[in-house]
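Architecture at a glance
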Amino acid sequence: ETSLTLGAGTLHSPYRVVRASVEMVGATLFIVLVKGRWPYCLENRSLSRSVVLRFPGDDPQNEWHLKPCERRYFVFPNPDAQKFLHARILGSGKSYTKRIQYQDAGSRHSQA
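What you see is a predicted model, and the numbers here were worked out from it, not measured in a lab.

Here the focus is the packing of aromatic side chains. The tally for this structure, following the rule as stated, stands at 10 aromatic pairs. Look at F55 and W64: their rings are 5.4 Å apart centre to centre, the planes differ by 80°, and that puts the pair in the edge-to-face class. Accessibility expressed as a relative area gives 9% for F55, which makes it buried. Here the aromatic residues Y40, F55, W64, F74, F76 and Y102 are joined through ring pairs into a cluster of three or more. In this structure, R72 is placed above the aromatic ring of W64, and the distance from its NZ or CZ to the ring centre is 4.2 Å. Over the aromatic face of F84 sits the side chain of R99, whose NZ or CZ is 3.6 Å from the ring centroid.

So this is what it looks like as structure tokens:
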């Protein structure tokens, strides 16, 4: 079982979270899709600094900006890969990037 997003992230096609499970019985493949919940959340608890986040390997154009006291729900683009993000304070420069790794859904993150 895994969670993924469908949609383009636009006004006319917003992202939707789907939970998918696959089962093979004999020669028949059953795929069940149900509406899911966002399994991960990031919260910027700073009162004055914005945080810049991105998935490893993503184009820098796909960075997210989290304003002070803002929260964002998300899923990892590849559910089978290690779950981590790159984060930095807005304006600090790319050399100050930290890696945030998630152990699994619901666990606390660790910085490497």
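Here the narrative resumes, following the displayed structure.
The three strands lie next to each other as β1-β2-β3, forming an open sheet whose pairing is antiparallel. Each edge of the open sheet is held by one strand with a lone partner, namely β1 (2-6) and β3 (28-35). Taken pair by pair, the neighbouring strands of this sheet meet at an average axis angle of 35°, ignoring direction. Examined bridge by bridge, strand β2 (residues 16-25) and β3 share eight bridges and lie antiparallel to one another.

Take P68: it is sitting in the loop between β6 (64-66) and β7 (71-74). We classify P68 as partly exposed; its relative accessible area is 29%. Counting along the chain gives 20 residues from P68 to S48, while the straight-line C-alpha distance between them is 5.7 Å.

Within this structure, the stated rule accounts for four salt bridges. Across the pair R45 and E43 runs a salt bridge whose closest N-O atoms are separated by 3.6 Å. With a relative accessible area of 69%, R45 lands in the exposed category. The exposure class of E43 is partly exposed, given its relative accessible area of 39%. When salt bridges that share partners are traced, they join E43, R45 and R71 into one network.

About the thresholds
Residues numbered from 1 in each chain as written. Predicted model: local features only at pLDDT ≥ 70, side-chain atom pairs only at ≥ 80, totals over all residues. Heavy atoms only, no water. Phe/Tyr/Trp six-rings, centres within 6.5 Å; stacked < 30°, edge-to-face > 60°. Buried < 20%, exposed > 50% of the residue type's maximum accessible area, 1.4 Å probe, protein only. Lys NZ or Arg CZ within 6 Å of the ring centre and 35° of its normal. Pairing = 2+ DSSP bridges. Helix = DSSP H or I, 4+ residues; strand = E, 2+ residues; numbered from the N terminus. Axes fitted to C-alpha atoms, helices over the stretch in contact; angles between N-to-C directions. Salt bridge = Lys/Arg side-chain N within 4 Å of Asp/Glu carboxyl O.

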